[in-house]
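Residue-level listing of the chains:
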Amino acid sequence: VIMAIRRIMKEIELNAKQTSEEITLGPISKTNILDWSITLLGPKNTPYEGGIFNLSAHIPSNYPFSPPRIRFLTKIFHVGVSQGGDICKDILKDRWSPALTIMKTALNIVCMLEFPDPEDFKEIAIAELYRSNKSKYEATAREWTKKYAVQNCSLYYFTAI
């Protein structure tokens, strides 16, 4: 636990120096630095543009040797995200590296929004729609973004971790 806390404190310090317009993140409280809040702005020129997506991250006690558990709290229509907000991303599972940080992981999730991979899916029906009718997939993703992730959408959250 002590190693995880040292590493998290180092990341908090680093995040304070590096700002990002697309991502804000940090611990949800000063007394619990293992649970973080992440906010992503939907990437430009994607169906998620204009959306504000809230995610939760739980950092395990053996971090950075195990990945954080990150979930979407804001509903999103994406091949790599389950209906419950779980993310299908290799770096959150077997491809995790201690060299990764929470910020780098959040950047990877933004890239996932920009470049959906129907071969790395959480919801088979959404992946099949992406493969068979990409324009309908994008229209649905755009619709969900407007419905759940634009403006004051705090009512449309999945249950937190």
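Use the structure listed above.
Residues numbered from 1 in each chain as written. Predicted model: local features only at pLDDT ≥ 70, side-chain atom pairs only at ≥ 80, totals over all residues. Heavy atoms only, no water.

Enquirer: Mind showing me how you'd approach helix 2 (residues 102-114) here?
Expert: Each α-helix winds once per 3.6 residues, and so residues spaced three or four apart point in a common direction. Along its 13 residues, helix 2 runs 19 Å from first to last C-alpha, staying within 8% of the 18 Å computed at 1.5 Å per residue. Lining the buried residues of helix 2 we find helix 1 (2-17), strand 1 (23-27), strand 2 (35-41), strand 3 (52-58) and strand 4 (69-72). (Helix = DSSP H or I, 4+ residues; strand = E, 2+ residues; numbered from the N terminus. Expected span 1.5 Å × (residues − 1). Contact = heavy atoms within 4.5 Å.)

Enquirer: What is the right way to look at the nonpolar core in this model?
Expert: Nonpolar side chains tend toward joint burial in soluble globular proteins. The biggest cluster of nonpolar side chains holds 39 residues, and the ones touching the most others in it are Ile38, Leu40, Leu55 and Phe72. Of all elements in the fold, only helix 1, strand 1, strand 2, strand 3, strand 4, helix 2, helix 3 (124-132) and helix 4 (134-149) reach the threshold of two or more residues within this core. Looking at this core, the element that brings in the most residues is helix 2, giving seven residues. (Core = buried A, V, L, I, M, F, W, Y, C linked by side-chain atoms within 4.5 Å. Buried < 20%, exposed > 50% of the residue type's maximum accessible area, 1.4 Å probe, protein only.)

Enquirer: Help me understand the sheet that holds strand 1 in this model?
Expert: Sheet strands pair by backbone hydrogen bonding; their relative direction is either parallel or antiparallel. Ordered in space as 1-2-3-4, the four strands form an open sheet in which the pairing is antiparallel. Edge positions in the open sheet fall to strand 1 and strand 4, since each of these has one partner strand only. Pairwise comparison of adjacent strand axes, ignoring direction, gives a mean angle of 20° for this sheet. Relative to strand 2, strand 1 runs antiparallel, the two sharing five bridges. Opposite glycine 26, over in strand 2, you have serine 37 as the bridge partner. (Pairing = 2+ DSSP bridges. Axes fitted to C-alpha atoms, helices over the stretch in contact; angles between N-to-C directions.)

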